Structure formats: structure tokens, C-alpha cells
Amino acid sequence: MALTQMALDSLDFDATVALAAKVAPHVDILEIGTPCIKHNGIDLLKTLRAKFPNNKILVDLKTMDAGFYEAEPFYKAGADICTVLGTADLGTIKGVIDVANKYGKEAQVDLINVTDKATRTQEAVKLGAHIIGVHTGLDQQAAGGTPFTDLALIASLNTGVKISVAGGVKAATTAQVRDAGATIIVAGAAIYGAADPAASAAEITAIAHGTTGGGVFGWLKKLFS
Ligand SMILES: O=C([C@H](O)CO)[C@H](O)[C@H](O)COP(=O)(O)O
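Residues numbered from 1 in each chain as written. Predicted model: local features only at pLDDT ≥ 70, side-chain atom pairs only at ≥ 80, totals over all residues. Heavy atoms only, no water.

The name given to the protein in an unreviewed UniProt entry is 3-hexulose-6-phosphate synthase, with the source organism recorded as Pseudomethylobacillus aquaticus. You can read under Pathway (unreviewed entry) in the UniProt record for the protein the words "One-carbon metabolism; formaldehyde assimilation via RuMP pathway; D-fructose 6-phosphate from D-ribulose 5-phosphate and formaldehyde: step 1/2." Taken verbatim from the UniProt record of the protein, the Catalytic activity (unreviewed entry) comment is "D-ribulose 5-phosphate + formaldehyde = D-arabino-hex-3-ulose 6-phosphate". (UniProt positions renumbered as here; feature names shortened; annotations may be inferred.)

Spelled out as C-alpha cells, the structure:
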């Protein structure tokens, strides 16, 4: 069983709110992606927080400095999770963890572009990170990257801390990611690029939650639908 997170990566405020309305009933967490939060700012978080009280909201700040100072307004405005870059100084990572704890929320350390992912994960866990983010970014995906090898490495550490996985995950790979140890499965393009985003989100969540197989079962279901 893993939770699902839908990455809202549009730059358009109204289109983001409209897409969130379609997918919110079918996912656990709404993510305001980095380009989206940079373009639209904290007002978008306030709008989504008010409209979707039943979803957790992750704000993908990818903070690189001034962790406590940068993340605090977002937790105050209703974010459940903010991200901080694993490449940042340990003091920055600690700042986001500290402010998350101040508000009873969670901090996610994103391993994108971290060279020694095992060591940084252990350091982040020691600082009290709530979630480790295994992440193959959009540019890395364009060069053929996938998150599977990194996921196997981080899962093998058995830290006991939640693992979020992002990087081109789709319905066909959700079961693989779930079974490899993901606690949170992120999907962006697979949902917003689908003809029916709500149906795509529901399919991915059913597999992540384990209420449908996604493997042979999912394949047979598709064959006969
Ligand atoms: O975090 C992301 C990226 O860095 C831009 O903010 C994406 O939201 C994340 O990669 C999930 O999107 P997909 O890879 O399209 O599933």
C-alpha cells in the first residue's frame, strides 16, 4: 500500500485549480510543482487549501538556502509537506525539518542531483527528515533517466523513514514502484497528459493502494474493458 501524489506542473493558476478539482477525489496528496509555485506564489496554495480540505498538499519548494525562513510561510498557509534539496547545506535541511515540526507537518528531502544518495539519506534521517524523495527530474527523464535504481538503493537502507518516488511514474510502473518500497508514489505527466486525468489518477491510486493488481490483473482488466 502506497499513497498517491499528483504533481500539478502547469504555470496557469486557473488551469491548475481546474485540474486539481478533477483529480483531488482520486489522489491522496496534491503537489504544487516547483515551476507552478514559483510562477503563482503562495496565493495558489491558499486557494487549493481552501478548496480541497480532504487532500494533503505538498509544496515543491526545492529549498536551497534559508530553510526555516523560506518554508515557514507555506506551512503557516496550510502546506502539509515542503521539499528541501538534498544538495543543500545540512543547516538548510535542518531548518525545513525544524519548521515542519513547529507546525506539526512534514519535510521531504529531495535527492535530485545528489551524488552520494545513501550518505545524504542517512544524514537527513539523522536530522529527523520525515520523507526521503527519490526523484528523477523532468530534464533527467528527457535524457532517459528513471528512478528505479535509486529507489532500490534507498529502500535497501531500511531507515524506517517514508520514501516518495517521482520521475515519470505511470500506471504501468506503479505496482513496480509500490512493491520496491515506495510509501508515496508521485505522478505528474501520466495524469495531466491523459485524455481523462480523473480516470488516470483513479487507476494509479487503485494500484498504489493495492485495490487492483496492476500486474497481470490490471493487464487482463485492460484487455477486457
Ligand atoms: O518534481 C517535478 C519536477 O521537478 C518539476 O517540479 C515533477 O513534478 C515530478 O517529476 C513528477 O512529475 P512526472 O515526472 O511528470 O511524473
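After that view of the structure, there is still more to cover.
### Some remarks on the site of the ligand
Within the structure, the ligand sits among 16 residues, and Asp9, Gln141, Gly168, Gly188 and Ala189 are positioned closest to it. Here an oxygen atom of the ligand and a side-chain polar atom of Asp9 are 2.7 Å apart. Put simply, the ligand lies in the largest pocket. Elements represented by at least two residues in the shell around the ligand include exactly α2 (34-40), β3 (56-63), α7 (138-142) and β8 (184-187). Of the residues contributing to the shell around the ligand, the split by class is six nonpolar, six polar and four charged. (Near = heavy atom within 4 Å. Polar contact = N/O pair within 3.5 Å; in protein donor to acceptor, adjacent residues only side chain to side chain. 1 Å grid on protein atoms, 1.4 Å probe; cavity = no way out; pocket = protein on both sides within 12 Å on 5 of 7 lines; lining within 4 Å. Sits in = over half its atoms within 2 Å of the grid points. Helix = DSSP H or I, 4+ residues; strand = E, 2+ residues; numbered from the N terminus. Nonpolar A, V, L, I, M, F, W, Y, C, P; charged D, E, K, R; others polar.)

### Some words on the side chain of Thr121
For Thr121, the location among the structural elements is in helix α6 (residues 117-127). On the basis of relative accessibility, which here comes to 1%, the residue Thr121 falls in the buried class. In this view, Thr121 contacts Leu111, Ile132, Ile154, Leu157 and Thr159; residues no more than four positions away in its chain are not counted. (Buried < 20%, exposed > 50% of the residue type's maximum accessible area, 1.4 Å probe, protein only. Contact = heavy atoms within 4.5 Å.)

### Remarks on the pairing of strand β5 (residues 106-110)
With five of five residues buried, β5 lies mostly within the body of the structure. In this sheet, β5 lies alongside strand β4 (residues 81-85) in parallel orientation, the contact comprising five bridges. Counterpart to Ile81 in the pairing with β5 is Glu106. Once you follow β4 into helix α5 (residues 90-102) and on to β5, the crossover reads as right-handed. Bridge count for β5 against strand β6 (residues 131-135) is three bridges, and the pairing is parallel. Bridging from a neighbouring strand, Asp110 pairs with Gly133 of β6. Taking the sense of rotation as the criterion, the β-α-β connection linking β5, α6 and β6 turns out right-handed. (Pairing = 2+ DSSP bridges. Right-handed = clockwise from strand over helix to strand, strands pointing away.)

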